[in-house]
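An overview of the molecular structure
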Amino acid sequence: MRGMNTHMEASGNSALPVVMDTQCPFCSVQCKARITEQWDERAGRHTYTVEPKPNAASEGRLCVKGMNAYQHALNAERLVRPLARRGGDFVPISWDEAFALIADRFGALRSAHGSDSIGVYGGGSLTNESAYLLGKFARVALQTKYIDYNGRFCMSAAASGGSKAFGIDRGLTNPLSDIPLAKCIILAGTNIAECQPTLMPYFTRAKENGAFIIAIDPRSTGTTAMADLHLQVRPGMDAALANGLQKVILEEGLTDEAFIAARTKGFDGLKAHLHRLDLDEIAAMAGVPAEQIRKAAIAFGKAPTGMVFTARGVEQQTDGYMAVRSMINLALMTGKIGKPGSGYGAITGQGNGQGGREHGQKADQLPGYRLIENPADRAFVAGVWGVDPDELPGKGVSAYEMMQKVHAGEIRGMLVMSSNPIVSNPNANFVRDGLEKLDFLVVADMLMSETAQMADLVLPASAYLENTGTMTNLEGRVLLREASRPAPGVALDDWRILAGIAERLGRGRYFAYTSAEDVFEELRLASRGGIADYYGITYDRLRREEGVYWPCPDERGAGTGRLFETSFAHPDGRAEFVPVENHFPDERTDGRFPLYLTTGRVLNHYLTGVQTRRSPSLAARDIESFVEIHPRAARSFGIEDGALARVTSRRGEIVVRARVRDDIREDTVFVPMHWGGIQNVNALTNPALDPTCRMPGFKVCAVRIAPLYANS
Ligand SMILES: Nc1nc2c(c(=O)[nH]1)N[C@H]1C(S)=C(S)[C@@H](COP(=O)(O)OP(=O)(O)OC[C@H]3O[C@@H](n4cnc5c(=O)[nH]c(N)nc54)[C@H](O)[C@@H]3O)O[C@H]1N2
Ligand SMILES: Nc1nc2c(c(=O)[nH]1)N[C@H]1C(S)=C(S)[C@@H](COP(=O)(O)OP(=O)(O)OC[C@H]3O[C@@H](n4cnc5c(=O)[nH]c(N)nc54)[C@H](O)[C@@H]3O)O[C@H]1N2
Ligand code: SF4
Ligand SMILES: [Mo]
């Protein structure tokens, strides 16, 4: 167990405790934890204690998911052998047989239909090393252009917004320690209290320091409860609301003219646009009284420092990219960026949602945030990989568009690594029908997800306690998480699975790594000089230091905690304003579908729930899904609290239990995303995509609701 972070060898039923120093696998905060395993002689089983460990992001806090994350990793349902479908059953096979089967089936598809008949679908829970290698695997081993990942549904609007406005996409432009210095904070479509709970004290500290907090959310949540002002926006109307805020700031003379002149471009166009808009019209569209918009704008405009945060509420929209741009306009026009206590943050979702979007899992991307269609970028990365630049494919398509190609029979084979797409894609019934048509579906997972159940071949992957690798947290801080125990059965690290397949495909010479660190050493070189430059980061440094921020081009350099102090990342050093239209969601309510449906998360579950539903302590806290509905709406549709209801959209229907609460707008219902099957909210959601970033509008579609036993 060389190189493992176990203080004592995994000791079977010995009386000696096994201490595992690790990092929570779930959200983007990446809290550190110590798990102690002890054999309980009387009970005849192991018991576990979990303690938070001090670290710069969570400052030694751990939420309920982190406390219980060991339960899915140590679950008896872990996949321990490769499983091949034979008829209706799965039969265990060896890795050798599994690699040979993939080489055979993918090889046949490539000869018959070309390399682009195979798609690769990745995820933001993968370590940087595995995510990087998945991108290389698609381009060099399979030579397909079709690769994308679940982060398309997560960070794509924020990523394209930040890149275009600032010239760089790093979720938070400031370190977390800046939050308590902000005197006004806008929390737009972010539910930190449930989704990044260990960050809450940063905001309460800001409040203690006198900050005015504004929350924008159609629902009351633990996060809005902390706010001084809650703008209960109509789903999908954030861009209009942000226009209203900007208009008031402009007309009240609260813009920072010196900052605008010295550091930005495009303000005149924005100004003319804002003058043309009407505040009362905006208020009516957004469903927020004009007086509240004025109050929020003046509070933000007048504050000496301030920060704007967005998350999926603003971003998972068919105008997600533009909605993000409009929130960034707010920070720029008031000069609230690049200073202590002033900045913008798109709160990253998955554990490695930041690193996972930097090194080549995206359809158009090469490592270091390079672009696959840029000749210089292609030549640079091809040089590191030792291939001819002309051999690299061009750009592919976004995650849902890949599913459309699967449906159309254009993509015939697929490797899914670290995602559960039939639950997490919009219009899930269509996606399931497509995946059923595939000639060969391979899924690498730790657990039998809904998607794995459909596969021709399931590959057992190691879990967070078992693999070594780096994760980049929401601040852009790269952290090393070392293995604490051996993987169960013959489960393998994702990067080892990829190397094994590549070998059988005859491309082993490009994937001859000996360790995760070895992969990271190549990632350093491939990212060198790119936007997300990791060259100055080494495992040795990460062991010595408390994580290192990127960009970090130099081994002796400190990395950059606060971005944009003197200049933005565009060649001219200026940030860009853009006028944003008052956009309506792609789907509106009507007589047949009279309610808006919005979707999201609860504290106790994580994403499609494959992990948290297998954790007894977490599952017990929320055993099933629900639909949250306002009492007046419930009355008019005959819905009773606690009764089962059928929710129907143009694309499908689900059955969930009603929670009648006045926490939500009367015209809106909310269903969480953590359950599959009959409770899968994505059977309902609209797959219309944002034209720029290809994000689906997960946060708005039109539905109707009825009691399940209406006529009984
Ligand atoms: N407990 C838990 N934590 C998680 C996760 C999890 O699954 N469970 N997932 C992680 C991941 S991958 C992600 S991406 C993040 C997500 O983190 P968040 O984006 O904070 O979570 P969501 O619940 O999806 O959405 C946030 C809020 O947006 C609101 N909202 C809905 N529609 C709109 C709208 O049109 N406008 C506005 N302004 N708000 C709207 C919802 O009511 C919700 O309260 O969380 C991470 N942390
Ligand atoms: N309606 C609606 N839909 C949404 C959203 C929403 O807000 N509303 N949010 C979207 C967002 S933000 C996201 S991020 C996506 C997430 O959607 P998914 O990608 O489907 O998310 P997970 O449930 O995390 O699926 C990850 C799978 O990978 C496995 N896994 C975890 N870690 C590893 C690993 O290291 N290696 C391997 N091989 N497997 C691993 C898990 O067991 C699980 O089966 O969902 C999106 N879908
Ligand atoms: S889920 Fe997020 S906040 Fe909770 S312990 Fe894990 S990393 Fe920390
Ligand atoms: Mo996400």
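In this report, we go over the structure that sits alongside the text. Since this is a predicted model, take the numbers as computed values, not measurements. (Residues numbered from 1 in each chain as written. Chains lettered and ligands numbered in written order. Predicted model: local features only at pLDDT ≥ 70, side-chain atom pairs only at ≥ 80, totals over all residues. Heavy atoms only, no water.)

Helix and strand counts for the protein come out as 23 helices and 28 strands. The C-alpha radius of gyration computed for the protein amounts to 25 Å, which stays within 12% of the reference 27 Å derived for 712 residues, consistent with globular compactness. Projected onto the principal axes, the alpha-carbon positions of the protein cover approximately 70 × 70 × 60 Å. For the protein, with 712 residues in total, the buried portion stands at 65%. Within the protein, residue pairs in contact and separated by at least 24 positions form 73% of the contacts whose partners lie at least 6 positions apart. Computing the positive centroid from 79 side-chain charges and the negative centroid from 82, the protein places the two 1 Å apart. (Helix = DSSP H or I, 4+ residues; strand = E, 2+ residues; numbered from the N terminus. Rg over C-alpha atoms; globule rule 2.2 N^0.38 Å. Buried < 20%, exposed > 50% of the residue type's maximum accessible area, 1.4 Å probe, protein only. Contact = heavy atoms within 4.5 Å. Lys, Arg positive; Asp, Glu negative; His and termini not counted. Charge placed at Lys NZ, Arg CZ, Asp CG, Glu CD.)

A few words on the nonpolar core. In terms of nonpolar packing, the biggest core is built from 130 residues, with Phe137, Phe166, Leu459 and Phe511 touching the most fellow members. Contact partners of Phe137, with chain neighbours within four places excluded, come to Leu142, Gln143, Leu415, Leu498, Ile501, Ala502, Leu505 and Phe511. Counting 44 residues, the second largest nonpolar core, distinct from the first, contains Ala33, Leu199, Phe309 and Tyr464. (Core = buried A, V, L, I, M, F, W, Y, C linked by side-chain atoms within 4.5 Å.)

On inspection of all chains with the given rule, the structure shows 0 disulfides. Take Cys693: it sits in no disulfide, and the sulfur closest to it among the cysteines is that of Cys154, at 12 Å. We classify Cys693 as buried; its relative accessible area is 3%. (Disulfide = S-S within 2.5 Å.)

The environment of ligand 2 is made up of 29 residues, and the closest members are Asn150, Ser419, Ser424, Asp445 and Thr608. The separation between an oxygen atom of ligand 2 and a polar side-chain atom of Ser419 is 2.7 Å. Here Ser424 contributes a side-chain N or O atom positioned 2.7 Å from an oxygen atom of ligand 2. When grouped by side-chain class, the residues that make up the shell around ligand 2 number 11 nonpolar, 14 polar and 4 charged. (Near = heavy atom within 4 Å. Polar contact = N/O pair within 3.5 Å; in protein donor to acceptor, adjacent residues only side chain to side chain. Nonpolar A, V, L, I, M, F, W, Y, C, P; charged D, E, K, R; others polar.)

Below, the discussion takes up the side chain of Thr36. The topology assignment puts Thr36 in strand E2 (residues 32-40). If we skip the residues at most four places from it in the chain, Thr36 touches Pro17, Val18, Val19, Thr47, Tyr48, Thr49 and Glu51.

Taken together, 34 residues surround ligand 1, and among them Asp217, Asp238, Arg601, His605 and Leu607 come closest. Between ligand 1 and Lys65 there is a distance of 3.0 Å, counted from a nitrogen atom to a side-chain nitrogen or oxygen. Leu603 is positioned with one of its backbone polar atoms (N or O) 3.1 Å from a nitrogen atom of ligand 1. Bound to the protein, ligand 1 loses 100% of the 910 Å² it would expose on its own. If you list the elements that add at least two residues to the shell around ligand 1, you get helix H6 (192-195), helix H13 (312-315) and strand E23 (595-600). Partitioning the shell around ligand 1 into residue classes produces 12 nonpolar, 14 polar and 8 charged. (Areas by Shrake-Rupley, 256 points an atom, 1.4 Å probe, with all protein chains shown as cover.)

Time to look at unusual backbone geometry. A cis geometry characterises the amide bond from Trp550 onward to Pro551, with omega recorded as 0 degrees. The backbone phi angle of Tyr369 is positive, close to 65 degrees, even though this residue is not glycine. In this fold, Tyr369 is placed in the loop between strand E14 (365-366) and strand E15 (370-371). At Ser418, a position not held by glycine, the phi torsion is positive, near 75 degrees.

Next up on the list: the pattern of salt bridges. Pairs can form between side chains of opposite charge whenever their charged atoms are close. Applying the stated rule across the entire model yields 45 salt bridges. A salt bridge links Asp178 to Arg562; the nearest nitrogen and oxygen atoms lie 2.8 Å apart. Remark: Arg562 occurs in the loop between strand E21 (548-549) and strand E22 (575-576) and Asp178 occurs in the loop between helix H5 (156-166) and strand E8 (184-188); sequence separation between them is 384 residues. Taking the relative accessible area as the measure of exposure, Asp178 reaches 2% and is therefore buried. One salt bridge in this structure joins Glu401 and Arg694, with 2.8 Å as the shortest N-O distance. (Salt bridge = Lys/Arg side-chain N within 4 Å of Asp/Glu carboxyl O.)

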